Protein chains: 2
Amino acid sequence: MNFKVKNDTFLRALLRQPTDYTPLWMMRQAGRYLPEYCATRKRAGSFLNLCKSPDMATEVTLQPLDRFPLDAAILFSDILTVPDAMGLGLYFSEGEGPKFERPLTTEAAIKALRVPDIGKDLKYVTDAVSQIRKSLDGRVPLIGFTGSPWTLSCYMVEGGSSDDYAKVKTLMYKEPKLMHHILSVTADAVTEYLNAQIEAGAQAVMIFDSWGGALSHAAYHEFSLPYMQRIVQGLKREHDGVKIPSIVFTKGGGLWIESIADIGCDAVGLDWTMDIGVARQKVGHKVALQGNLDPAVLFSTPEVIHNEVEKILSSYGYGSGHVFNLGHGISQFTNPDNAAALVQAVHELSKKYH
Amino acid sequence: MNFKVKNDTFLRALLRQPTDYTPLWMMRQAGRYLPEYCATRKRAGSFLNLCKSPDMATEVTLQPLDRFPLDAAILFSDILTVPDAMGLGLYFSEGEGPKFERPLTTEAAIKALRVPDIGKDLKYVTDAVSQIRKSLDGRVPLIGFTGSPWTLSCYMVEGGSSDDYAKVKTLMYKEPKLMHHILSVTADAVTEYLNAQIEAGAQAVMIFDSWGGALSHAAYHEFSLPYMQRIVQGLKREHDGVKIPSIVFTKGGGLWIESIADIGCDAVGLDWTMDIGVARQKVGHKVALQGNLDPAVLFSTPEVIHNEVEKILSSYGYGSGHVFNLGHGISQFTNPDNAAALVQAVHELSKKYH
């Protein structure tokens, strides 16, 4: 398949087609550990301005690629753009993370929830996708993304981050129908949102289920996974004659990898708690795997990074189907030289496995 | 075996001996959700005073037993008493959780770390154990406990709680020998500490590895599990002619349950992410299982609690070897009536499985 991109290693690995080496990108690769990102972020005035300006979003998306020979770019945006477009009023308070002015606190608010007008209210995102795709000029593929319905709902009900998910879990256990209503509307919105990103030029898509790991086994299979399945099944699987692979990542979801691999996605993201070789044994005949270095390894030295990369590569073993990544976003306290050492180690050490 | 206790259901279940029903206790059962606890805590002036007064520790340990027909009592204390006795200077700052005045920030401090004089510096704990045991008067067994070496080391190096474990993981990856030194001294201290609790009257012991789940697969098997194994192997397995069962609980450790079950403990604690029936299939021939209701279920209603309890009991299935518990400590925002509903549901619904 001609992926219309010079370096198609990432897309080929997602589809478990032969590659010359193991491709990599880093979650949150356009971020605060890069001084050039901090400069643009400062110029933007706020994080939300940065997300909402296609020019600046394009600029920061490309920054890590100008530094490191990464194998994919990822749209710079935030998972909470969708609930914002649903009218919840996203804002960022200094040092406290994202918040909503109008969280879902009443049955009436929940029942009034509607799929937003993606073409209008999220045009700034699809504009950014088109512009990034143009600026990339076929160097590497562009990944589009969304939060999972469960993860978005956590923020929408809690009104921000939470360490115990008390409000959303109370709703889930006491009023499962209302919970399913939120998840259902959100899943529809997110499906349309990802398809709009694909139309605009995203060449792969990823669903971030950052809080799925907070659920019990039974609750995950009732309140998170089925909605991701609905999204995956509603995605345009091809665009412009080219296949669009999908990646599903539940942080803390290692125990459920077999059910995740069954929903029809092309790849499963892994955090660092699961041995990637064990994961491959369980689901490698079905899906590609993406991961899974502990981001804290980047606080060490190039030598240690080299050794830890080798451990993951050798655990995965020979052949395609592995996209190297961190098990979670890169920390703002990472020395960019260590990110460079990671990229170099993965590219060099992985050749012998292909 | 005569366990020298009127209700020995908990001890029998830990040893997979037949019982009439599934016993239960709740992690953090003596805690802030109980108004009587808050009253004693207020009288103590500080959390640390409460831990250090055998009289008041006895009082709060017994409070939940006076309300609910629980099948075990657990020593009221804190996992950080051991590093405090090592000279790190434990204190609690309002709303920020535990902190150390002298965290391990230098190689010199790490190398100077010594096993404390348990009989002197932690006498207030063993005094509390003796006094609680006396006050229990054989009603139910008393559980002693400790933090795991890895979990204690996280606090000792970070100086308090952390959400990314940046300092302790940097040390672990950059200076593994220093990390192993801390873990080794801590493991020795903790072994002696648990044995002192057993001598004083603890009838079962539990190791809380609250932060083990933050480690990668490889790091868990190098930096957490072997030290818990060393403790378990160094424990007095019998006291006063009676077997002393041990429970090991790694929060987020479901992926590693097979290795945990191999270290020689009698029971493995489970958080709520793993299906307990799956866990039993994997390790139920070797160990008992303790868990695993999501504490957030207690924010719902007695009817929902009843259904969720039934799901766990039926997933575990017929026979002994299950101690019912929450998958993590009971939330301070729990209505005590819902805790009562939980106890009643477990006792009533479990009879048909025995």
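On a predicted model such as this, the values are computed, not experimentally measured, just so you know.

(A) Region of the structure containing the overall build of chain A. Within chain A one finds 16 helices and 11 strands. For 354 residues, the compact-globule estimate of 2.2 N^0.38 gives 20 Å, and chain A sits close to it at 19 Å. For chain A, with 354 residues in total, the buried portion stands at 63%. Considering only intrachain contacts with a sequence separation of at least 6, the fraction spanning at least 24 residues in chain A is 73%. Carbon and sulfur atoms provide 50% of the accessible area of chain A, an area that totals close to 12800 Å². Counting 35 positive and 39 negative side-chain charges, chain A places the averaged centre of each group 2 Å from the other.

(B) Representation of the relation of the copies chain B and chain A. Its rotation angle being 180°, the transformation that places chain B on chain A also includes 0.0 Å of axial translation and leaves an RMSD of 0.0 Å. Seen this way, the second copy is the image of the first under a two-fold rotation axis. When C-alpha positions in chain B are compared against the rotation axis, the closest is assigned to L255 of chain B, at 3.0 Å. By residue overlap, the copies meet face to face through one surface: 100% of the interface positions of chain B are interface positions in chain A.

(C) Up close: helix α15 (residues 302-316) of chain B. When the terminal C-alpha atoms of α15 of chain B are compared, their 21 Å separation across 15 residues agrees well with the 21 Å that a helix rising 1.5 Å per residue should span. Every buried residue of α15 of chain B is accounted for by V304, I305, E308, V309, I312, L313 and Y316 of chain B. Down the axis of α15 of chain B, the sector holding all buried residues measures 165°, keeping them to one side. Looking at the buried positions of α15 of chain B, the neighbouring elements they touch are α10 (166-174) of chain A together with α14 (276-283), β10 (288-293), β11 (322-326) and α16 (336-350) of chain B. G317 of chain B occupies a position one or two residues after α15 of chain B and carries a positive phi of about 90°.

(D) Structural view of the pairing of strand β4 (residues 142-147) of chain A. Residues and elements named next belong to chain A. Here β4 lies mainly inside the structure; 6 of its 6 residues are buried. Alternating positions in β4 separate into two faces, L142, G144 and T146 on one and I143, F145 and G147 on the other, with burial throughout. Both strand β1 (residues 73-74) and β4 contribute to a ladder of 2 bridges, which runs parallel. Within β4, the residue paired with A73 across the bridge is L142.

(E) Fine view of the UniProt feature "domain: Uroporphyrinogen decarboxylase (URO-D)" (unreviewed entry) in chain A. Per the UniProt record, the feature "domain: Uroporphyrinogen decarboxylase (URO-D)" (unreviewed entry) sits at residues 23-32 and 143-159 of chain A. End C-alpha to end C-alpha, residues 23-32 of chain A measures 23 Å, and it is 0% helix and 0% strand.

(F) Highlighting the sheet that holds strand β5 (residues 204-209) of chain B. Residues and elements named next belong to chain B. What the 7 strands build is an open sheet, ordered β1-β4-β5-β8-β9-β10-β11; its pairing is parallel. In this open sheet, the two strands that pair with only one neighbour each are β1 (73-74) and β11. As judged from the 5 bridges shared by β5 and strand β8 (residues 246-250), these two strands associate in the parallel manner. Across the sheet, residue V205 finds its bridge partner in β8, namely S246.

(G) Spatial organisation of the pairing of strand β11 (residues 322-326) of chain A. Residues and elements named next belong to chain A. When you tally the buried positions in β11, you get 5 out of 5 residues, the bulk of the element. Of the two faces of β11, the one carrying H322, F324 and L326 and the one carrying V323 and N325 are both buried. Bridge analysis of strand β10 (residues 288-293) against β11 gives 5 bridges, and the strand direction is parallel. Looking at β11, one finds that N292 is bridged to N325. Between the parallel elements β10 and β11, the chain passes through helix α15 (residues 302-316) in a crossover that is right-handed.

(H) Representation of the sheet that holds strand β5 (residues 204-209) of chain A within the structure. Residue and element names in this part refer to chain A. Ordered by their spatial adjacency, 7 strands build an open sheet running β1-β4-β5-β8-β9-β10-β11, and the pairing between neighbours is parallel. Looking along the sheet, the strands with just one partner apiece sit at the ends: β1 and β11. Pairing analysis gives 3 bridges linking strand β9 (residues 267-269) to β10, with the strands arranged parallel. Bridging from a neighbouring strand, A267 pairs with A288 of β10.

(I) Layout of helix α10 (residues 166-174) of chain B. A166, V168, K169, L171, M172 and Y173 of chain B are the residues of α10 of chain B that are buried. In this fold, the buried residues of α10 of chain B make contact with α15 of chain A together with α6 (107-111), α9 (149-158), α11 (176-200) and α12 (217-234) of chain B.

(J) Geometry of the pattern of salt bridges. Residues and elements named next belong to chain A. Here the structure, examined in full by the defined rule, presents 34 salt bridges over all chains. In this structure, the salt-bridge partner of K52 is D84, at a minimum N-O distance of 3.1 Å. Here the residue K52 occupies a position in helix α3 (residues 47-52), and D84 occupies one in helix α5 (residues 81-88), the gap between them amounting to 32 residues. You can call D84 buried: its relative accessible area is 17%.

(K) Main features of the UniProt feature "site: Transition state stabilizer" (unreviewed entry) in chain A. Residue and element names in this part refer to chain A. Residues annotated by UniProt as "site: Transition state stabilizer" (unreviewed entry) correspond here to D78. Among residues more than four places away in sequence, those in contact with D78 are F47, C51, F92 and F145. At a separation of 2.8 Å, a polar atom in the side chain of D78 contacts the main-chain amide nitrogen of L80.

(L) Examining the nonpolar core more closely. By size, the foremost hydrophobic cluster in this structure holds 282 residues, and its most contacted members are F10, W25 and L342 of chain A together with F10, W25 and L342 of chain B. Apart from the residues lying within four places of it in its own chain, the contact partners of F10 of chain B are P23, W25, D71, A72, P141, I143, A204, I247, Q290 and V323 of chain B.

(M) Structural view of the environment of P295 of chain A. Residues and elements named next belong to chain A. Tracing the backbone shows P295 in the loop between β10 and α15. In this structure P295 comes out as buried when scored by relative accessible area, which is 8%. Along the chain, P295 and D271 lie 24 residues apart, while their C-alpha atoms are 9.7 Å from each other. Excluding anything up to four places from it in sequence, P295 contacts W272, L326, G327, H328 and G329.

(N) Molecular detail of the interface of chain B and chain A. The partner chain A presents 26 residues to the 26 residues of chain B that form the contact. Summing the contributions of chain B and of chain A, the shared interface buries around 2400 Å²; its carbon and sulfur component is 64%. Of all residues in chain B, Y173, L255 and T273 of chain B give up the largest surface area on contact with chain A, accounting jointly for 27% of the area buried on that side. Taken together, the links from chain B to chain A amount to 2 salt bridges. Inspection of the chain B/chain A interface yields 8 residue pairs in polar contact (both at pLDDT 80 or more). For the side of chain B that touches chain A, the secondary-structure elements that each account for two or more residues are α10 and α15 of chain B.

(O) Quick look at the packing of α5 of chain A against helix α11 (residues 176-200) of chain A. Residues and elements named next belong to chain A. Contact pair α5 / α11: the axes reach a minimum separation of 10 Å and the direction vectors enclose 120°. By the angle class used here, α5 and α11 are oblique. Handedness of the crossing formed by α5 with α11: right-handed. Only V185, T186, A189, V190 and Y193 of α11 make contact with α5, whose side of the interface consists of T81, V82 and M86.

(P) Quick look at the packing of α15 of chain A against helix α16 (residues 336-350) of chain A. All names here are of chain A. In the contact formed by α15 and α16, the axes pass within 9 Å of each other and the chain directions differ by 40°. Looking at the two axes, α15 sits oblique to α16. Handedness of the crossing formed by α15 with α16: right-handed. The segment α15 lies against α16, with P302, I305, H306, V309, E310 and L313 engaging N338, A341, L342, A345, V346, L349 and S350. Looking at the contact of α15 with α16, its residues break down into 9 nonpolar, 3 polar and 1 charged.

What counts, and at which threshold
Residues numbered from 1 in each chain as written. Chains lettered and ligands numbered in written order. Predicted model: local features only at pLDDT ≥ 70, side-chain atom pairs only at ≥ 80, totals over all residues. Heavy atoms only, no water. Helix = DSSP H or I, 4+ residues; strand = E, 2+ residues; numbered from the N terminus. Rg over C-alpha atoms; globule rule 2.2 N^0.38 Å. Buried < 20%, exposed > 50% of the residue type's maximum accessible area, 1.4 Å probe, protein only. Contact = heavy atoms within 4.5 Å. Areas by Shrake-Rupley, 256 points an atom, 1.4 Å probe, with all protein chains shown as cover. Lys, Arg positive; Asp, Glu negative; His and termini not counted. Charge placed at Lys NZ, Arg CZ, Asp CG, Glu CD. Least-squares fit on C-alpha atoms with pLDDT ≥ 70 in both. Expected span 1.5 Å × (residues − 1). Arc of directions from axis to C-beta. Pairing = 2+ DSSP bridges. UniProt positions renumbered as here; feature names shortened; annotations may be inferred. Right-handed = clockwise from strand over helix to strand, strands pointing away. Salt bridge = Lys/Arg side-chain N within 4 Å of Asp/Glu carboxyl O. Polar contact = N/O pair within 3.5 Å; in protein donor to acceptor, adjacent residues only side chain to side chain. Core = buried A, V, L, I, M, F, W, Y, C linked by side-chain atoms within 4.5 Å. Buried area = accessible area lost by both parts, 1.4 Å probe. Axes fitted to C-alpha atoms, helices over the stretch in contact; angles between N-to-C directions. Parallel < 35°, antiparallel > 145°, perpendicular 65-115°, else oblique. Left-handed = near helix turned anticlockwise from the far one by under 90°. Nonpolar A, V, L, I, M, F, W, Y, C, P; charged D, E, K, R; others polar.

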